[in-house]
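Observations on the model geometry
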Amino acid sequence: MTTSAAGHPGDVGANRVGSVSSSASGGALPALGGSELPLLDSAVLRDMEEQLGRPDIAWNFANDYAGMWVERQRCLVDSVEREDRMAALDAVISLKVSSAMVGGLRLARLAEALEATLRRGDLRDGASVLAMISLHGHATVKELRQRYLR
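In this report, we go over the structure that sits alongside the text. Since this is a predicted model, take the numbers as computed values, not measurements. (Residues numbered from 1 in each chain as written. Predicted model: local features only at pLDDT ≥ 70, side-chain atom pairs only at ≥ 80, totals over all residues. Heavy atoms only, no water.)

So, about the overall build of the protein chain. Along its length, the protein chain carries 7 helices and 0 strands. Tracing the protein chain from N to C terminus, the helices and strands come up as α-α-α-α-α-α-α. Relative to its 150 residues, the protein chain shows a buried fraction of 49%. Long-range contacts, defined here as pairs at least 24 residues apart, represent 69% of the contacts in the protein chain between residues at least 6 apart. When the accessible surface of the protein chain is summed, it comes to about 7300 Å², and 52% of that surface belongs to carbon and sulfur atoms. (Helix = DSSP H or I, 4+ residues; strand = E, 2+ residues; numbered from the N terminus. Buried < 20%, exposed > 50% of the residue type's maximum accessible area, 1.4 Å probe, protein only. Contact = heavy atoms within 4.5 Å. Areas by Shrake-Rupley, 256 points an atom, 1.4 Å probe, with all protein chains shown as cover.)

See below:
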């Protein structure tokens, strides 16, 4: 099962994720951090539960996502610091898609902004977005654990 920031019909959380992408013009991050977007839209996981007919699969996915956060963040930071554009793109796209799938709309939007920066070849310019990803990533995982995984 996959979803995309483009919000294709039938994708898990497509309507919510699509609104994340369309909220910014020209790929710029509104108010760097997208604070107008929720850290966690738990309706996305409820949609996944309903579509799959198995709440345990959605719960396991969210639990795995939370458990992988530290390693995922380390991989992204390391690849940007090494100026390994392809590895950084791989890491940020993975973060964008998986964040959208658990309802981490703000984090998905930040990952989208970093992806655009990396695609332009501005690895150093991505530092401020990378810092926001770290901050909002930790907050997203905390909220996911408190509101959904409890």
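Text resumes after the structure shown.
Once that is clear, we can look at helix H4 (residues 55-81). If you check H4, its first and last C-alpha atoms are 38 Å apart, about what 27 residues at 1.5 Å a residue would give, namely 39 Å. The largest bend in H4 amounts to roughly 50° and is located at Trp69. Three or more residues of H4 are buried, namely Ala58, Ala62, Tyr65, Ala66, Trp69, Arg72, Gln73, Leu76, Ser79 and Val80. Just past H4, the residue Glu83 takes up positive phi, approximately 60°. (Expected span 1.5 Å × (residues − 1). Bend = angle between axes of the 7 residues up to and from the residue.)

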